[in-house]
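# Observations on the model geometry
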Amino acid sequence: MPERRPFVRLPTDVYPVNYGLCLKPDLIDFTFEGKLEALVEVTQATNQIVMNCADIDIITASFAPQGGEEINATGFNYQNEDEKVTLSFPSALQKGSGTLKIDFVGELNDKMKGFYRSKYTTPAGDIRYAAVTQFEATDARRAFPCWDEPAIKATFDITLIVPKDRVALSNMNVIDRKPYPDDENLVEVKFATTPIMSTYLVAFVIGEYDYVESQSSDGVTVRVYTPVGKAEQGKFALEVATKTLPFYKDYFSVPYPLPKIDLIAIADFAAGAMENWGLVTYRETALLIDPKNSCSSSRQWVALVVGHELAHQWFGNLVTMEWWTHLWLNEGFASWIEYLCVDHCFPEYDIWTQFVSADYTRALDLDALDSSHPIEVNVGHPSEVDEIFDAISYSKGASVIRMLHNYIGDEDFRKGMNAYLLKFQHKNASTEDLWDCLEQASGKPIAAVMGSWTKQMGFPIIVVDQEQQGDDRILKLSQKKFCASGPHNGEDCPSWMVPISICTSEDPKCTMLKVLLDRPETTITLSGVGPDQWIKINPGTVGFYRIQYSSSMLESLLPGIRDLSLQPVDRLGLQNDLFSLSRAGMISTVEVLRLMEAFVNEPNYTVWSDLSCNLGVLSSLLSHTDFHEEIQEFIRDLFTPIGLELGWDSKPGEGHLDALLRGLVLGKLGKAGHKPTLEEARRRFKDHVEGKQVLPADLRSPVYLTVLKHGDSATLDTMLKLHKQADMQEEKNRIERVLGAISAPDLIQKVLNFALSEEVRPQDTVSVIGGVAGSSKQGRKAAWKFVKDNWEELYNRYQGGFLISRLIKLTVDGFAIDKMAAEVKSFFESHPAPAAERTVQQCCENILLNAAWLKRDADDIHQYLLQPRTSQHHSCLGLPPHYRPERETRAYLQQASFL
């Protein structure tokens, strides 16, 4: 790749105080005209002004000092690489206030960033376009020339000139709406002045929408805007939002600072949602819920996303990170507190257990790679900024905040948060500022502890051994960096300040002891713990580390899985740790399969979900062998008892989690080819298609998946017809995600072509291709070839942005042969995707790890799967797990030195 010039932030000699911005979009020609009148402050005399600007043509620009003559700019020098423009003036602009006027034109692009067009179909079937915005991180500059950096805050007065039959929205409430003098079909809509805010949070939407409205108990007007005719589908989100605003106000002890908040569903939308201050934009599937046709997981998803975006109204919008290096503060915090909020609104979701499976383990997996990165990354160029919107900023960020909250305690945590918000409101802050406030509130060494988690990448594995001395249990704990390829044995081993909690079988819910492990190893004496008690480290699975128990300690914990005396979150954590130790070559995968069989009495949805996920990884790995069928049999054996217990139809008194578990188990059995499940799925599918008996929303995914996996071209045609007829985006997405399950090569190709067709919204193409890659060995090859063959179009469509990273990850992460890593690497050397550079490295590393894992354990796994399974409650777990040296993994990775 050509080296970029070093990145430079904007000069500080001129800064904005207020942007007066008038925009007039043309929804037919996809262009817009703009007028900017910015009140600026010149801090030292200069004859040029440097601003951010991209894909915009400036027509005229002038500067008028307060009370002085207007000076016209004589030159506009665009630095397109840097997305900057320099306005040159014939004489120096003197120190003091002035008005900068710029007239410009731009295009309503189709890239889902900046000021862009979003395609929708009217109830009558006409295709139309809305004009909408997505500015984070660096795309406000595509809508108007501006100082597009989070620390350069100003107020905004926005006016939109739009067709009079369209809805026009912005961050603030409308204060005036009058006919536009030059065209009777247009109106001029003027919005109230915003608070001092960053450019990336500015938003406007022009389109056709219905809405539902409510007041929160603290007097804020809340509206949810939906596609025309679908206002009903906004009610669930409206309920969540009106409950959430007062919850946050109370939690932070700071009121929501604007008079209103709008939540709006946008048809073409790259992210899940965006927290623009007072006007939060969402994908339709992250906001709209139809009581009859939405499944339980969609409701939960909407609740979490609404909780996340509303948290940003304080944390991010009121107080903003000083630079993108501190992005994790916004995202990690919002990704943690969204769970607190959903737990408050829907205690029956058991959402904190789900956090461990959805965020915590995901972050551990990514952060064990050599190509991970610290939570805090120095970034400059926009493509580097795009790259950090990843599982480290969000999920690891949320996990270390959860650990911190647990370490400080809720009361002091809230006290510190309140101090932070009050001290920095309408300003910018860095990670250190938050630590200072929390340190003052709690009296604990927050900065010292947290520095080790945010400034260096990775996390430790805590190695635990024990001995009994009379009535005392002596624990030996040591830490070293955990790597996906085995433990770190280098000289310069990093270490962490690790808050460690310990519980015993006396009271598995209650922490007996807390210590801060601030050195490589330590010994702890637990008095009054008899030989018959087990010891569990990290109860609640809160600390961000993995654990390697001695054989005897692990042995004593296993009954706690079978008799459920261990907490669900700890049963999940134990299994997840062992699974990841097996991938790293520290134990045999056979030990994990043995452990999994102990989960036969498991009632908890999230525990099953995590187990199922790991079995999916294993099944995908073994698709490269000739005994893929044996692992399917293992999956059928493991899931059959719970499947029989749940049955197909919901029973009275069942709740949210039962519905999720039923969908998970039936889908798993169906995909693995469990005969009775397959037959029942086909029967119900037929009734559904013929309109005899519509499938309940919660059964649709598992049924669709099952019939497609074992279906033919007629099945695929039926699915595509259902897709075309679906009125809800949720249903279209549900079908898109499972289409890849089809197995015939010609049909796989048909699905891939469908992914790029007009039928699939641009942001959803990625999940169709990903579904193909993730469902079979043939699919993986075909999807990768398809991505290479259509690279120009795909790259052009997603350019920067994280969708390109997601596409690459979904397509190639599952390969398990060394030479594929080399092929992937060389493809992206000749087809660079700057915003996905790190993703490509991570994928190559994962491919090599998969290959090493397969080489190491395939034979043992095969032998184990061939053994007859005795009765469900067999005792083969009596064998002590053999921790094996990491064998040749690390050496093997180093030998593949082309990376």
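So, how was this worked out
Residues numbered from 1 in each chain as written. Predicted model: local features only at pLDDT ≥ 70, side-chain atom pairs only at ≥ 80, totals over all residues. Heavy atoms only, no water. UniProt positions renumbered as here; feature names shortened; annotations may be inferred. Helix = DSSP H or I, 4+ residues; strand = E, 2+ residues; numbered from the N terminus. Rg over C-alpha atoms; globule rule 2.2 N^0.38 Å. Buried < 20%, exposed > 50% of the residue type's maximum accessible area, 1.4 Å probe, protein only. Contact = heavy atoms within 4.5 Å. Lys, Arg positive; Asp, Glu negative; His and termini not counted. Charge placed at Lys NZ, Arg CZ, Asp CG, Glu CD. Pairing = 2+ DSSP bridges. Axes fitted to C-alpha atoms, helices over the stretch in contact; angles between N-to-C directions. Salt bridge = Lys/Arg side-chain N within 4 Å of Asp/Glu carboxyl O. Phe/Tyr/Trp six-rings, centres within 6.5 Å; stacked < 30°, edge-to-face > 60°. Lys NZ or Arg CZ within 6 Å of the ring centre and 35° of its normal. Left-handed = near helix turned anticlockwise from the far one by under 90°. Nonpolar A, V, L, I, M, F, W, Y, C, P; charged D, E, K, R; others polar. Core = buried A, V, L, I, M, F, W, Y, C linked by side-chain atoms within 4.5 Å. Expected span 1.5 Å × (residues − 1).

- Per an unreviewed UniProt entry, the recorded name for the chain is Aminopeptidase, and the organism is Lates japonicus.
- What UniProt states about the chain under its Subunit (unreviewed entry) heading is, verbatim, "Monomer."
- As recorded by UniProt, the Sequence similarities (unreviewed entry) comment attached to the chain reads in full: "Belongs to the peptidase M1 family."

### Some points on the overall build of the chain
- Tallying secondary structure elements over the chain gives 27 helices and 29 strands in all.
- Taking 899 residues into account, the globule formula puts the C-alpha radius of gyration at 29 Å, and the chain, at 28 Å, falls close to it.
- Over its C-alpha atoms, taken along the principal directions, the chain stretches across nearly 90 × 65 × 55 Å.
- A burial count over the chain gives 62% of its 899 residues as buried.
- Sequence-distant contacts, at least 24 apart, represent 72% of the contacts inside the chain between residues at least 6 apart.
- Here the chain holds 89 positive side-chain charges and 121 negative ones, and the gap between their average locations is 3 Å.

### Quick notes on the sheet that holds strand S24 (residues 472-481)
- Spatially, the four strands line up as an open sheet ordered S27-S24-S23-S29, and their pairing is mixed. Here the strands that pair on one side only, and so sit at the sheet edges, are strand S27 (521-527) and strand S29 (546-549). In this sheet, adjacent strand axes meet at a mean angle of 25° when their direction is disregarded.
- Bridge analysis of strand S23 (residues 460-469) against S29 gives four bridges, and the strand direction is parallel. Counterpart to isoleucine 462 in the pairing with S29 is isoleucine 547.
- Along the sheet face, helix H11 (residues 568-583) touches S23 and S29 and points at about 80° away from the line of S29.

### Structural notes on the pattern of salt bridges
- Summed over all chains, the structure comprises 55 salt bridges.
- Of the charged contacts, one joins aspartate 148 and arginine 141 as a salt bridge, the two residues approaching to 2.9 Å between their closest N and O atoms.
- Take aspartate 148: its relative accessible area is 2%, and that puts it in the buried class.
- Linking glutamate 213 and arginine 223 is a salt bridge whose minimum nitrogen-to-oxygen distance equals 2.9 Å. One end of the pair, glutamate 213, is in strand S16 (residues 210-215); the other, arginine 223, is in strand S17 (residues 221-226), and 10 residues separate them in sequence.

### Structural notes on the environment of aspartate 687
- For aspartate 687, the location among the structural elements is in helix H16 (residues 675-689).
- Leave out the neighbours within four places in its chain, and aspartate 687 touches Lys692 and Gln693.

### Observations concerning the packing of aromatic side chains
- Taken as a whole and assessed by the stated rule, the structure comprises 47 aromatic pairs.
- Each ring, one from phenylalanine 247 and one from tyrosine 248, has its centre 5.6 Å from the other, and the planes form 50°; the classification is tilted. You'll find phenylalanine 247 and tyrosine 248 in the same group, each marked buried.
- With centroids separated by 4.8 Å and ring planes inclined at 45°, the aromatic side chains of tryptophan 608 and phenylalanine 639 adopt a geometry described as tilted. Placement of tryptophan 608 in helix H13 (residues 605-622) and of phenylalanine 639 in helix H14 (residues 628-646) is noted, with a sequence separation of 31 residues between them. Each member of the pair tryptophan 608 and phenylalanine 639 is classed as buried.
- The cationic tip of lysine 243 hangs over the ring face of phenylalanine 346; the distance from NZ or CZ to the ring centre is 5.8 Å.
- One Lys or Arg, arginine 402, reaches over the ring of tyrosine 360 and ends 6.0 Å from the middle of that ring.

### With respect to the sheet that holds strand S4 (residues 56-65)
- Pairing within the open sheet is mixed, and its eight strands lie in the order S5-S4-S8-S2-S1-S11-S14-S13. Of all the strands in the sheet, the pair left with one neighbour each is strand S5 (71-72) and strand S13 (174-179).
- Where strand S1 (residues 14-26) meets strand S2 (residues 31-42), 12 bridges bridge the pair, whose relative direction is antiparallel. Paired with proline 25 across the two strands is phenylalanine 32, which belongs to S2.

### Observations concerning the packing of helix H12 (residues 589-597) against H13
- Two elements in contact, H12 and H13, have axes whose closest approach is 12 Å; the angle formed by their N-to-C orientations is 145°. Once H12 is placed against H13, the crossing between them reads as left-handed. Residues Thr589, Leu593 and Met596 of H12 form the contact with H13, whose own contacting residues are Leu611, Asn614, Leu615 and Leu618.
- For the contact of H12 with H13, the residue count by class is five nonpolar, two polar and no charged.

### Considerations on the UniProt feature "binding site: Zn(2+)" (unreviewed entry) in the chain
- In the UniProt entry, the feature "binding site: Zn(2+)" (unreviewed entry) is given for His308, His312 and Glu331. Spanning 24 residues, the named residues form one tight spatial group whose C-alpha atoms are at most 8.6 Å apart.
- With respect to the element layout, histidine 308 can be found in helix H2 (residues 296-312).
- Discounting residues that sit within four places of it in the chain, histidine 308 has contacts with Glu331, Ala334, Ser335, Glu338 and Tyr394.
- With respect to the helices, strands and loops of the structure, glutamate 331 is situated in helix H3 (residues 327-345).
- Of the residues examined, glutamate 331 reaches a relative accessible area of 2% and is grouped as buried.

### Looking at the nonpolar core
- Trp324 and Ile537 are the most contacted members of the largest nonpolar core, which has 307 residues in total.
- Apart from residues lying up to four places away in sequence, tryptophan 324 is in contact with Glu136, Ala137, Thr138, Pro150, Tyr200, Val379, Val385, Ile388 and Phe389.

### Observations concerning the UniProt feature "domain: Peptidase M1 membrane alanine aminopeptidase" (unreviewed entry) in the chain
- The sites that UniProt annotates as "domain: Peptidase M1 membrane alanine aminopeptidase" (unreviewed entry) are residues 236-453.
- Secondary structure over residues 236-453 splits into 59% helix and 9% strand, and the C-alpha atoms at its two ends are 37 Å apart.

### Looking at H11
- Compared with the 22 Å implied by 1.5 Å per residue over 16 residues, the 23 Å span of H11 between its first and last C-alpha is a close match.
- With respect to burial, H11 is a largely interior element, 15 of its 16 residues being buried.
- Just past H11, the residue glycine 585 takes up positive phi, approximately 80°.

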